[in-house]
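Fold and contact review
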Amino acid sequence: MTGGQSGAPPTRPGLVASLVDRFGHLVREVGKFATVGGFAFVVDFALFNYLTVAHGMEQVTAKTISTVLAATFAFLGNRFWTWRHRQRSNPAREYLLFFFFNSVGLGIAVSCLAISRYGLGSIWPEVFQTALADNISSYVVGTGLGTLFRFWSYRRFVFVEAGTPPVADAQRDQTSGA
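Before going into details, it helps to say that this report is about the structure given with it. (Residues numbered from 1 in each chain as written. Predicted model: local features only at pLDDT ≥ 70, side-chain atom pairs only at ≥ 80, totals over all residues. Heavy atoms only, no water.)

**Points about the overall build of the chain**
Formally: For the purposes of this entry, the term helix denotes a DSSP run of H or I that reaches at least four residues, the term strand denotes a run of E that reaches at least two, and both are numbered from the N terminus. Type-normalised accessible area, obtained with a 1.4 Å probe on protein chains alone, sets the label of each residue: buried when under 20%, exposed when over 50%, and partly exposed for intermediate values. Here, two residues are considered to be in contact whenever any of their heavy atoms come within 4.5 Å of each other. Surface accessibility in these figures is a Shrake-Rupley result with a 1.4 Å probe; residues are shielded only by whichever protein chains are displayed.
Of regular secondary structure, the chain possesses 6 helices and 0 strands. Counted from the first residue to the last, the chain has its helices and strands arranged as α-α-α-α-α-α. Relative to its full complement of 178 residues, the chain shows a buried share of 31%. Sequence separation of 24 or more characterises 69% of the internal contacts of the chain that already satisfy a separation of 6 or more. Accessible area for the chain stands at about 10600 Å²; split by element, carbon and sulfur atoms hold 70% of it.

**Quick word on the side chain of Lys 63**
For Lys 63, the location among the structural elements is in helix 2 (residues 59-82). Judged by its relative accessible area of 1%, Lys 63 is buried.

**Quick notes on the layout of surface pockets**
Applicable threshold: Cavity and pocket criteria rest on a 1 Å grid covering protein atoms alone: a 1.4 Å probe that fits but cannot get out defines a cavity, protein on both sides within 12 Å along at least 5 of 7 lines defines an open pocket, and an atom within 4 Å of a point defines a lining residue. Grid points are joined across faces, edges and corners, and a volume is the space filled by probe spheres set on the points. Note on residue classes: Ala, Val, Leu, Ile, Met, Phe, Trp, Tyr, Cys and Pro are nonpolar, Asp, Glu, Lys and Arg are charged, and everything else, Gly too, is polar.
Looking at the largest pocket, its volume works out to about 380 Å³. At the level of elements, helix 1 (15-54), helix 2, helix 3 (91-123) and helix 5 (131-158) are the ones that each hand at least two residues to the lining of the largest pocket. Grouping the amino acids of the lining of the largest pocket by side-chain chemistry returns 10 nonpolar, 10 polar and 3 charged.

**Points about the packing of aromatic side chains**
The line we're drawing: Pairing of aromatic rings covers Phe, Tyr and the six-membered ring of Trp, with a centre-to-centre limit of 6.5 Å; geometry is then stacked below 30 degrees between planes, edge-to-face above 60, and tilted otherwise.
Going through the model one piece at a time under the given rule, you end up with 21 aromatic pairs. When the centroid spacing of 5.2 Å and the interplanar angle of 75 degrees are considered together, the rings of Phe 45 and Tyr 139 count as edge-to-face. Of this pair, Phe 45 sits in helix 1 while Tyr 139 sits in helix 5, placing them 94 residues apart in sequence. Plain terms: the ring middles of Phe 149 and Trp 152 are 6.2 Å apart, the flat faces sit at 50 degrees to each other, and that makes the pair tilted. Of the two residues, Phe 149 and Trp 152 are both situated in helix 5; the distance of 3 residues between them amounts to about one turn of the helix. Look at Phe 149 and you get partly exposed, because its relative accessible area is 22%. Trp 152 sits in the partly exposed class, given a relative accessible area of 46%.

**Quick look at the nonpolar core**
Quick reminder of the rule: The criterion is simple. A nonpolar core is a set of buried Ala, Val, Leu, Ile, Met, Phe, Trp, Tyr and Cys residues joined through side-chain atoms within 4.5 Å.
Core analysis: the biggest nonpolar cluster contains 14 residues, and Trp 83, Phe 98, Tyr 154, Val 158 and Phe 159 have the highest contact counts within it. Looking at this core, the elements with two or more residues in it are helix 1, helix 2, helix 3 and helix 5. When residues in this core are grouped by element, the largest group, 4 residues, is from helix 5. Excluding residues within four positions of it along the chain, Tyr 154 makes contact with Phe 33, Asn 78, Trp 83, Phe 98, Phe 101, Asn 102 and Phe 159.

**Structural notes on the side chain of Asn 102**
Secondary-structure assignment places Asn 102 in helix 3. We classify Asn 102 as buried; its relative accessible area is 6%. Not counting the four nearest positions on each side in its chain, Asn 102 is found in contact with Ala 71, Arg 150 and Tyr 154.

**Quick word on a nonpolar patch on the surface**
Operational definition: Patches draw on residues past 30% relative accessible area with no salt bridge. Two like charges within 9 Å are joined, as are two nonpolar side chains (Val, Leu, Ile, Met, Phe, Trp, Tyr) within 5 Å. A pair is scored as a salt bridge if a Lys or Arg side-chain nitrogen falls within 4 Å of a carboxyl oxygen belonging to Asp or Glu.
A surface patch of nonpolar side chains, amounting to about 440 Å² of accessible area, comprises Phe 39, Val 43, Ile 65, Leu 69 and Phe 73. It is helix 2 that contributes the most residues to the nonpolar patch, 3 residues altogether. Among the secondary structure elements, Phe 39 is positioned in helix 1.

**Observations concerning the pattern of salt bridges**
Oppositely charged side chains are able to pair whenever their charged atoms sit close together. Going through the model one piece at a time under the given rule, you end up with 4 salt bridges. As a salt-bridge pair, Glu 29 and Arg 155 come within 2.7 Å of each other at their nearest N and O atoms. Placement of the pair is Glu 29 in helix 1 and Arg 155 in helix 5, with a sequence separation of 126 residues. Look at Arg 155 and you get partly exposed, because its relative accessible area is 24%.

Quick look at the structure:
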């Protein structure tokens, strides 16, 4: 093993070991985020299909309801498992930011569904106004794009590292020259 500065974590020789040392924490966070997201996805998917198929609810309304409930599950999982090692700031701030960024993610998924069902569906309804097309546009395309956005925004703005100033404080420091 090679050592760095005193007090610095030891590093291992080799490219792979170096990458693990440098990005291992990120890989663990992504894994936990994906696990929580997978369970939230199941809640969202099952509830959406239950509401649309068993109850005949309109698709965009059902998607909104299923996403809000899945987001509540995801908040709890991410706060208390994925980013439990990060300092808890103001719980109300975390909750509000989480749901703000989740609403943007919801907007991404609902937009994909609406474009497919109502935009493309008006041109080719036998293809784009089907349960399969609704699920592909909402869950494959919409959830995929929304997930990328959510991981970035939660990590950057919601569950911040200890010592990371909130965005407003960082901007104030930059404008004051500190």
